Structure formats: structure tokens, C-alpha cells
Amino acid sequence: MASKVAAAAVDFSRIYSSLGLGRETIAAVQAFRKRHADAQRVATHFASQPTTVDFAHYRSVLKNKAIVDEAEKLLKEFKPTTYDVSATLQAIETFEAKAVSKAQETEQKIDVELKELQATLANIEDARPFDQLTTEDVAKAHPRIAEAVETMVKKGKWTVPGYKEKFGDLNLM
């Protein structure tokens, strides 16, 4: 009973916002909560129904009394089968442990990647604007570009390969 009161007292909207959960995660949790509530409703419904069988009623209704006697005998002899679920529970616990370790590894990888992205963002923010760059700055940053331009000038090539295909020809003649 206390668990029902505790579950009712949980403010899930505050949990969703404080944990910063994504839309898919929130939708999955809400779907799970709905299935749980439906299962509880069905369990309550069936728990309130009587579980005894009135064999006297069936004897009076049915002509074949032997069927009713056999059904009553089978019901009295019925013993529910018990299953050993410890192996399944152990497999679930192992899976859960692996999932937690994978999640922690992923968290560490994401933290490293986030730090790299923050460093890149700081580098971008500290860099000079593109319109203030000079050809010397570009040549210092990427010497291959300067070498390619020098080679093209020595060979007398004044056009960049693929430029016309990408941007078109601006000649009017």
C-alpha cells in the first residue's frame, strides 16, 4: 500500500525536466507507466472475481454428471508448477551490469568528445574572421595550398580544376 502512495506522489514531469531526458525516452517511460497502470487495473479486476467453482450448479445443468465429477477431481488434484527463475534473474542481472558498464563507457567517450568540441568551439571563436585573412595566413596554415598555387603559376594554369563545373563560367564572350 505504501508503494502505491509513493508512486502516486512522484512528480514525473519534474523528473523528466531535471534529468534532461530526450523525447523518445520520455515517450518510452510514459508508455511503460500506461502499460503498468493497465496491468494493475486488470489484476485488480480479476482479483475481485470469485475463484471458486460451483460444481453443484453444473451438475444440475449438465446431463453428463461424470464430466463434472472428473473436472472437480482434476481441479482438486491440480498443483501449480513452480519454476526456478534464478537462472533467468541471474542472466538479467548480468545483462544489466553489462548495460551499466557500456553506459559508463559511452558517458566517458561522450565527455571526451564534448571537451574536444568545446576546445574546437573556443578555437573557432578566437579565430580571426574570414574576411580578415590574408593569403599569407592561409599559406602558413596550409603550406600545400601555397605549393599548389606556385606549381600552377609555373605551368601557366590560371584556372582551378573543377571550378567551372561547380560554379559555372562567368565569361561573357
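Residues numbered from 1 in each chain as written. Predicted model: local features only at pLDDT ≥ 70, side-chain atom pairs only at ≥ 80, totals over all residues. Heavy atoms only, no water.

Put simply, the rule reads: UniProt positions are given in the numbering used here, feature names are shortened, and annotations may be inferred rather than shown by experiment.
The name recorded for the protein in an unreviewed UniProt entry is ATP synthase subunit d, mitochondrial, from Ephemerocybe angulata. Quoted straight from UniProt, the Subcellular location (unreviewed entry) entry for the protein says "Mitochondrion inner membrane". The annotation that UniProt attaches to the protein under Sequence similarities (unreviewed entry) is "Belongs to the ATPase d subunit family."

## Focus on the side chain of Glu72
Put simply, the test is: Per the convention used, a helix needs a DSSP run of H or I reaching at least four residues, while a strand needs a run of E reaching at least two, with both numbered from the N terminus. Buried residues are those whose accessible area, probed at 1.4 Å on protein chains only, stays under 20% of the maximum for their type, while exposed residues exceed 50% and partly exposed ones sit between those limits.
Relative to the helices and strands, Glu72 is located in helix α5 (residues 65-77). We classify Glu72 as buried; its relative accessible area is 17%.

## Some details on the UniProt feature "coiled-coil region" (unreviewed entry) in the protein
UniProt records the feature "coiled-coil region" (unreviewed entry) for residues 100-127 in the present numbering. Between the C-alpha atoms that bound residues 100-127 the distance is 40 Å, and the span itself is 96% helix and 0% strand.

## What to know about the packing of aromatic side chains
Just so we agree on the cut-off: Classification of ring pairs rests on two measures: the distance between centres of Phe, Tyr or Trp rings, Trp counted by its six-membered ring, which must be within 6.5 Å, and the angle between planes, read as stacked under 30 degrees, edge-to-face over 60 and tilted in between.
Considering all chains together, one arrives at 1 aromatic pair under this definition. Judged by centre distance (4.8 Å) and plane angle (40 degrees), the ring pair of Tyr163 and Phe167 falls under tilted. On the criterion of helical spacing, the pair formed by Tyr163 and Phe167 is a turn pair, its members being 4 residues apart in helix α9 (residues 163-167). A relative accessible area of 40% places Tyr163 in the partly exposed class.

## Points about α5
Note the cut-off: The span you would expect from a helix comes to 1.5 Å times its residue count less one. Each polar contact in these results corresponds to two N or O atoms within 3.5 Å; when the atoms are within protein, one needs to be able to donate a hydrogen and the other to accept it, and residues that are neighboring in sequence are counted only if both atoms are side-chain atoms.
The first and last C-alpha atoms of α5 sit 18 Å apart over 13 residues, in line with the 18 Å expected at 1.5 Å per residue. For α5, the N-terminal cap is Asn64; the gap from its side-chain oxygen to the backbone nitrogen of Ala66 is 3.3 Å.

## Here we look at the pattern of salt bridges
The condition is simple: The term salt bridge refers to a pairing of a side-chain nitrogen on Lys or Arg with a carboxyl oxygen on Asp or Glu at a separation within 4 Å.
Enumeration over the complete set of coordinates arrives at 5 salt bridges. Arg59 is the partner of Glu72 in a salt bridge, and the nearest nitrogen-oxygen pair spans 2.4 Å. Residue Glu72 is found in helix α5, and its partner Arg59 is found in helix α4 (residues 55-61); the two are separated by 13 residues along the sequence. Between Lys76 and Glu72 there is a salt bridge; the shortest N-O distance is 3.6 Å. Residue Lys76 and its partner Glu72 are located together in helix α5, separated by 4 residues, close to a single helical turn. Through salt bridges with shared partners, one network takes in Arg59, Asp69, Glu72 and Lys76.

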